[in-house]
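A look at the structure
Residues per chain are reported as follows:
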Amino acid sequence: MKKITYNLIIVAFLSIFGCNKKENNNQPQKEQMENIQVSDYGVTAKGDSIRKFTLTNKNGMKMEVINFGGIITSLTAPDKNGKYEDVVLGFTKPEDYFNGNPYYFGALIGRYGNRIANAKFTLEGKTYDIDKNDGPNSLHGGKQGFHTKFWNIEPVKDAKFPTLKLTYTSADGEEGYPGKLSTIVLYTLTDDNALEISYEAETDKPTVVNLTQHSYFNLSGNFSKTILDHELQINGDKFTPVNETLIPTGEQNAVKGTPFDFTASKAIGKDINAEDDQLKKGKGYDHNWILNGSGLRSIAKVFHPESGRMMEVLTDEPGVQFYSGNFLDGKFENKTGGKNEFRTGFCLETQHFPNSPNQASFPSTELKPGQKYQSKTIYKFSVKK
Ligand code: GLA
């Protein structure tokens, strides 16, 4: 952190006093300074200073990211009248992110996004006990998962668009996972109003990895409104049904003829209260969709009719957790003057399937030394009139 701060101070000083011809002639460096601002965000209970990075694209779209949990604290998108408003849920007080972030608002999730049954798995004949933080299971990498870690953040020089490089090295055995895992995440805000997220990881021992981003969206720009009027389409003909503790049963069921059919766009609220055993188990939607196709492709679209805001999601992952904010319970203030209430945000967490380390029929999440974990997801915003 110190290094970045000093670099930024030096560059700012030199450009103000015009004595650094080299930097001034270097267009990408200059643009990067204009497009990425760094400021103080808050101090944790242990006294660590947290910094906030504000990225701005050429249209004026803004994203704020902190070096605690790699958390996106704000992301704006235009409505049909060209008005940019914040569309991601968050807290109003920095300490609510630092002291647990119970909903995982905006955070990078690792080492394993979603649940691992009974908080254990076996790899190459050895059983690993990982942190049990969700009933009998492990959720989102454990209590001290990547969402609670200090990420080193550097603005990327010479990048075409404002880009942050976030790095974190997880020690061998952290939260019970084997292998030292070196992780790099890039956040880019492109000029066509897309947030691109690229993940990379390498290990020195066989392990499992499933990284994701846990932003909650509400395209209305008013965090006191529910997301039930948002129209969602998912390119997934099947989903993985779950048991009482939200662990997939291993089945891959067709969505056709069920409330889980989002193959054609429909309001999230349309069937959410239907008499359905899976909806009961999830308290709404909290399930993994098996995405059609492979490679980087469009997998979901969300449209908010009133504002005209549209969000398209692209990923190269095989699955997405569509979560309709069923555990939001109004305990914390939202950013527009109310509370973060039940179903006022939704997540589309791109991922490998939950509990893959214990489910041989699911795509593998194993990573071996010498291999590189790579994954990419794009959240692209536009307007439909
Ligand atoms: C994921 C899970 C949900 C819930 C949220 C965080 O989406 O699938 O069950 O735990 O994270 O509240």
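Keep in mind it's a predicted model, so treat the numbers as computed, not measured. Think of each chain on its own: its residues are numbered from 1, step by step along the sequence as written. Residues qualify for local features only when their pLDDT is at least 70, as the model is predicted, and side-chain atom pairs are given and counted only at 80 or more; totals for whole chains, interfaces and linings, by contrast, use all residues. No hydrogens and no water enter the side-chain calculation; it runs on all heavy atoms of the structure.

Details of the pairing of strand 27 (residues 373-383)
- Here the rule is simple: two strands pair whenever DSSP picks up at least two bridges between them. Strands are runs of DSSP state E lasting at least 2 residues, helices are runs of H or I lasting at least 4, and numbering of each runs from the N terminus. Summarising the sheet, strand 14 (residues 194-203) and strand 27 pair through eight bridges and their orientation is antiparallel. Paired with Glu200 across the bridge in strand 27 is Gln374.
- Summarising the sheet, strand 23 (residues 309-315) and strand 27 pair through seven bridges and their orientation is antiparallel. Considered in strand 27, the bridge of Arg309 is made with Val383.

Details of the UniProt feature "binding site: beta-D-galactose" (unreviewed entry) in the protein
- UniProt positions are given in the numbering used here, feature names are shortened, and annotations may be inferred rather than shown by experiment. Sites flagged by UniProt as "binding site: beta-D-galactose" (unreviewed entry) map to Asn114, Arg115, His214, Ser215, Tyr216 and Asp286.
- In protein, a polar contact means a hydrogen-donor-capable atom and an acceptor-capable atom, both N or O and within 3.5 Å, with residues adjacent in sequence counting only if both atoms are side-chain atoms; elsewhere, any N or O pair within 3.5 Å suffices. One polar contact links His214 to His140, side chain to side chain, over a distance of 3.3 Å.
- Among the structural elements, Tyr216 can be located in the loop between strand 16 (212-213) and strand 17 (231-234).
- Here a residue-residue contact requires only that any non-hydrogen atoms of the pair lie within 4.5 Å. If we ignore the near neighbours within four places in the chain, the residues touching Tyr216 are Val87, Val88, Leu89, Tyr103, Tyr104, Phe105, Tyr323, Gly325, Leu328, Gly345, Phe346 and Cys347.

Focus: the UniProt feature "active site" (unreviewed entry) in the protein
- Following the UniProt record, one finds the feature "active site" (unreviewed entry) at His214 and Glu349. Annotated residues spanning 136 residues; largest pairwise C-alpha distance 6.2 Å, indicating a single compact cluster.
- Position of Glu349 relative to the elements: it lies in strand 25 (residues 347-351).
- Glu349 sits in the buried class, given a relative accessible area of 3%.
- If we ignore the near neighbours within four places in the chain, the residues touching Glu349 are His140, Thr212, Gln213, His214, Gly319, Val320, Gln321 and Tyr323.
- Here His214 takes part through its side chain, which lies 3.5 Å from a polar atom of the side chain of Glu349. Only protein chains enter the accessibility calculation, which uses a 1.4 Å probe; a residue whose area is less than 20% of its type maximum is buried, one above 50% is exposed, and one in between is partly exposed.

Focus on the pattern of salt bridges
- Only one rule defines a salt bridge in this text: a Lys or Arg side-chain nitrogen within 4 Å of an Asp or Glu carboxyl oxygen. Overall, the coordinates contain 18 salt bridges when judged by the stated rule.
- Here Asp86 makes a salt bridge to Lys335, at a shortest N to O gap of 2.6 Å. Within this pair, whereas Asp86 is found in strand 5 (residues 84-86), its partner Lys335 is found in the loop between strand 24 (319-323) and strand 25, the two being separated by 249 residues in sequence.
- Of the residues examined, Asp86 reaches a relative accessible area of 17% and is grouped as buried.
- A relative accessible area of 27% places Lys335 in the partly exposed class.
- Here Lys205 and Asp172 are joined by a salt bridge, their closest N and O atoms 2.3 Å apart. With Lys205 in the loop between strand 14 and strand 15 (207-208) and Asp172 in the loop between strand 12 (163-170) and strand 13 (181-189), this residue pair connects regions lying 33 residues apart in the sequence.
- According to the relative accessible area criterion, Lys205 is partly exposed, its value standing at 37%.
- One connected set of salt bridges, linked through shared partners, spans Lys83, Glu85 and Arg309.

Details of the site of the ligand
- Taken together, 13 residues lie near the ligand, and Arg115, His140, His214, Asp286 and Glu349 sit nearest.
- Residue His140 places a side-chain N or O atom 2.9 Å away from an oxygen atom belonging to the ligand.
- Contact between the ligand and Gln321: an oxygen atom at 3.3 Å from a side-chain N or O atom of the residue.
- For the ligand, whose unbound accessible area comes to 310 Å², protein coverage reaches 97%.
- When residues are grouped by polarity, Ala, Val, Leu, Ile, Met, Phe, Trp, Tyr, Cys and Pro land in nonpolar, Asp, Glu, Lys and Arg in charged, and all others, Gly among them, in polar. Residue composition of the shell around the ligand, grouped by class: seven nonpolar, three polar and three charged. Throughout, near means a residue has at least one heavy atom within 4 Å of the molecule or strand. Residue-level accessible areas treat just the shown protein chains as cover; the underlying method is Shrake-Rupley with a 1.4 Å probe.

Re the nonpolar core
- To qualify as a nonpolar core, a set must consist of buried Ala, Val, Leu, Ile, Met, Phe, Trp, Tyr and Cys residues joined through side-chain atoms within 4.5 Å. Ranked by internal contacts, the top residues of the largest apolar core, which has 56 residues, are Leu75, Tyr187, Trp289, Met311, Phe322, Leu348 and Phe381.
- Each residue touching Leu75, except ones within four places of it in the same chain, is listed here: Met61, Lys62, Met63, Glu85, Asp86, Val87, Val88, Leu189, Leu195, Phe217 and Phe381.
- With 21 residues, the next largest nonpolar core counts Ile50, Phe68, Tyr97 and Tyr216 among its residues.

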